[in-house]
Amino acid sequence: MLFSGKGKHRRPSKATQVATLVGVTGVAVAAPLMTAGTASAATASEWDRVAQCESGGNWSINTGNGYYGGLQFSASTWAAYGGTAYAPTANQASKSQQIAIGEKVLAGQGKGAWPSCGVGLSSAAYTGGTTEAPKRTATEPTTRSEQRQAPKKAAAVKKVTSAKKATARKTVTTPAGKTVKKGDGEYRVEAGDTLGTIAQEHGVQGGWEKLYDLNKDVVADADLIYVGQQLHLQ
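Residues numbered from 1 in each chain as written. Predicted model: local features only at pLDDT ≥ 70, side-chain atom pairs only at ≥ 80, totals over all residues. Heavy atoms only, no water.

A. Focus on the packing of aromatic side chains. This model, assessed by the stated rule, comprises three aromatic pairs. Summarising the aromatic geometry, the rings of Phe73 and Trp78 are spaced 5.7 Å apart at their centres and angled 40° between planes, so their arrangement reads as tilted. With respect to burial, Phe73 and Trp78 carry one shared label: buried. Relative to Trp114, the ring of Phe73 has its centre 6.2 Å away and its plane inclined at 70°; by these criteria the two rings are edge-to-face. Residue Phe73 is found in strand β2 (residues 73-74), and its partner Trp114 is found in the loop between α3 (95-109) and α4 (144-169); the two are separated by 41 residues along the sequence. You can call Trp114 buried: its relative accessible area is 0%. What links up through ring pairs into an aromatic cluster is the set Trp47, Phe73, Trp78 and Trp114. (Phe/Tyr/Trp six-rings, centres within 6.5 Å; stacked < 30°, edge-to-face > 60°. Buried < 20%, exposed > 50% of the residue type's maximum accessible area, 1.4 Å probe, protein only. Helix = DSSP H or I, 4+ residues; strand = E, 2+ residues; numbered from the N terminus.)

B. How the structure looks around the state of the cysteines. Within this structure, the stated rule accounts for one disulfide. Between the sulfur atoms of Cys53 and its disulfide mate Cys117 the distance is 2.0 Å. Around the S-S axis, the bridge from Cys53 to Cys117 shows a dihedral of about -65° and counts as left-handed. With Cys53 in helix α1 (residues 14-55) and Cys117 in the loop between α3 and α4, this residue pair connects regions lying 64 residues apart in the sequence. (Disulfide = S-S within 2.5 Å.)

C. Region of the structure containing the nonpolar core. Formed by 20 residues in total, the largest nonpolar core has its most connected members in Trp47, Val50, Leu71, Phe73, Val105 and Trp114. Elements that contribute at least two residues to this core include exactly α1 and α3. Looking at which element gives the most residues to this core, the answer is α3, with four residues. If near-sequence neighbours (up to four positions away) are discounted, Val105 is found in contact with Phe73, Thr77, Tyr81, Gly110, Ala113, Trp114 and Thr142. One finds Tyr187, Ala199, Val218 and Val219 within the second-largest nonpolar core, a separate group that totals 12 residues. (Core = buried A, V, L, I, M, F, W, Y, C linked by side-chain atoms within 4.5 Å. Contact = heavy atoms within 4.5 Å.)

D. Highlighting α3. A rise of 1.5 Å per residue sets the reference length of α3, with its 15 residues, at 21 Å; its end C-alpha atoms lie 20 Å apart and thus fit the reference within 8%. For α3, the full list of buried residues reads Gln98, Ile99, Ala100, Ile101, Gly102, Glu103, Lys104, Val105, Leu106 and Gln109. Count one or two residues on from α3 and you reach Gly110, which has phi positive near 80°. (Expected span 1.5 Å × (residues − 1).)

E. The side chain of Gln72, seen in detail. For Gln72, the location among the structural elements is in the loop between β1 (67-68) and β2. Gln72 gets classed as buried once you look at its relative accessible area, which sits at 4%. Here Gly69 takes part through its backbone oxygen, which lies 2.9 Å from a polar atom of the side chain of Gln72. Gln72 has contacts with Glu54, Ser55, Ile61, Asn65, Tyr67, Thr142, Thr143 and Arg144, leaving out every residue within four places of it along the chain. (Polar contact = N/O pair within 3.5 Å; in protein donor to acceptor, adjacent residues only side chain to side chain.)

Shown next, in the form of structure tokens:
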């Protein structure tokens, strides 16, 4: 009988054999795709670490400081890299959308866009894919962590400028272009002054010799004093 347990098993048809082979081949092809997925997941984890550093991992944060979302984009950077296609500001976009824009910023500016939080970022692309990022034209910081770095740079420039001003206040430039000490005395040298006339007009006991002795740290030659120098009279 056809359904008897003793009946012979039918030989698999050629179509069945082909289907079996295709199934095996499909498994072989799928394996590398799964591996690629694992690599992409690792990159997403890197972005999670950046967000944890930038915003405590809050992808919807808006504290009113001018930076938005988990990766703390400025509004101008979010718009420049195409983020407004998703939402007006980063905090209103999904995590995957923020990461997609983050990849564009990373491609365009490197890890420096997150100076303190982006050190662990790799160059691998996120699974969402990106397009070529626009060149950076804005002068303001791209992200919150870059903004935190900016004051340090400004402070360094200010320190150098202050040092130059301090040096300038202690010197006088002669008509010949030479720089000489200014001094901190109570009398300011005017055009036509000599040590003799100054000593006489201000009653310096000992005359010009005494005045010269009082200001040897400023006046190198008793016959040469310069407008702007400040001499001690006693």
